[in-house]
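As a plain string of letters, each chain reads:
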Amino acid sequence: MNNDIKNIENKIKEIIEKNEDAVKGFEKAAENTKDLGVKSYFEQRAEKRKLFLKTLHNATPALQTGDQEIDGSTTGSAHRTWMDIKAFFSGDNDESMLEEAARGDKSALSEYNEILGESMVPQRVKEVIREQRDEIQNDLETSKILEKFA
């Protein structure tokens, strides 16, 4: 396989893994929040990221992007454990979960921007990635607003 294609494939796999971590992270945040509105917000974000995964897999059928199972990464698992610890010791679970969501979104934006800078990514895939990046950016801004009210 061409090294450029393999490089793009690996970067898309990283974005897929980041979204798997986001699904599990948002589900964990929903478990750790008390406010029903914030809980619903996290549940909706988990569903949105599941849709992101499906869209990424469908946009890249020729690439080896893995199966449709939502496994996540070791790093993501450690982050979710940290979320549980932070929720246990925090006086305000909702605010701390929103902070962790924002931290994860910032990391995802960095990876999305990195792949958008690649010249070998097919245009249709770039469009999907750009749309998802923009939604993550909007969610990040919403999280910051909710944090102020939590």
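See the structure shown above.
A short tour of the structure in this document, coming up. (Residues numbered from 1 in each chain as written. Predicted model: local features only at pLDDT ≥ 70, side-chain atom pairs only at ≥ 80, totals over all residues. Heavy atoms only, no water.)

With respect to the overall build of the protein
Stated formally: Helix numbering and strand numbering both begin at the N terminus, where a helix is a DSSP run of H or I of at least 4 residues and a strand a DSSP run of E of at least 2. Partly exposed residues are those whose accessible area sits between 20% and 50% of the maximum for their type, while under 20% is buried and over 50% is exposed, using a 1.4 Å probe and protein chains only. Contacts are assigned to residue pairs that have any heavy atoms within 4.5 Å of one another. We get accessible surface area from the Shrake-Rupley algorithm with a probe of 1.4 Å; when it comes to residues, only the shown protein chains can shield them.
A count of helices and strands for the protein gives five helices and zero strands. From first element to last, N terminus to C terminus, the protein shows the α and β order α-α-α-α-α. Out of the 150 residues belonging to the protein, those deemed buried represent 43%. In the protein, of all internal contacts separated by at least 6 residues, the share reaching a separation of at least 24 is 73%. Total accessible area on the protein is roughly 8200 Å²; 49% of this is exposed by carbon and sulfur atoms.

Concerning the packing of aromatic side chains
Convention followed: Ring pairs are drawn from Phe, Tyr and Trp, using the six-membered ring of Trp, whenever the two centres fall within 6.5 Å, and their geometry is named by plane angle: stacked under 30 degrees, edge-to-face over 60, tilted for the rest.
On inspection of all chains with the given rule, the structure shows two aromatic pairs. With a centroid separation of 6.2 Å and an interplanar angle of 20 degrees, the aromatic rings of Phe26 and Phe42 are classed as stacked. Of the two residues, Phe26 sits in helix α1 (residues 3–32) while Phe42 sits in helix α2 (residues 36–59), which places them 16 residues apart along the sequence. Here Tyr41 and Phe42 contribute two aromatic rings whose centre-to-centre distance is 5.8 Å and whose plane-to-plane angle is 50 degrees, an arrangement assigned as tilted. With respect to burial, Tyr41 and Phe42 carry one shared label: buried. Here a set of aromatic residues connected by ring pairs shows up, and it is made of Phe26, Tyr41 and Phe42.

Some thoughts on the packing of α1 against helix α4 (residues 93–116)
Put simply, the rule is: Only the stretch in contact is used when a helix axis is fitted, and all axes are lines through C-alpha atoms; the angle between N-to-C directions ranges over 0 to 180 degrees. Angle categories are assigned with fixed cut-offs, so that under 35 degrees is roughly parallel, over 145 is roughly antiparallel, 65 to 115 is roughly perpendicular, and the rest are oblique. Residues were grouped as follows: Ala, Val, Leu, Ile, Met, Phe, Trp, Tyr, Cys and Pro as nonpolar; Asp, Glu, Lys and Arg as charged; and all remaining residues, including Gly, as polar.
Orientation of α1 relative to α4, taken along the N-to-C sense of each, is 170 degrees, at an axis distance of 10 Å. In terms of orientation, α1 lies roughly antiparallel with respect to α4. Facing Ile8, Lys11, Ile12, Glu14, Ile15, Lys18, Asn19, Phe26, Ala29 and Asn32 of α1, the residues of α4 in contact are Asn93, Met97, Ala101, Asp105, Ser107, Ala108, Glu111, Tyr112, Glu114 and Ile115. Tallied by class, residues from the contact of α1 with α4 come to 10 nonpolar, four polar and six charged.

Details of the nonpolar core
What counts here: What is meant by a nonpolar core is a set of buried Ala, Val, Leu, Ile, Met, Phe, Trp, Tyr and Cys residues, joined one to another through side-chain atoms within 4.5 Å.
Within the largest apolar cluster, 20 residues are counted, with the highest numbers of intra-cluster contacts made by Ile12, Ile15, Leu56, Tyr112, Ile115, Ile129 and Ile136. Put simply, the parts of the chain that give this core at least two residues each are α1, α2, α4 and α5 (123–149). The element that contributes the greatest number of residues to this core is α4, accounting for six residues. Contacts of Ile115, omitting those with residues within four sequence positions, involve Ile8, Lys11, Ile12, Ile15, Val121, Lys126 and Ile129.

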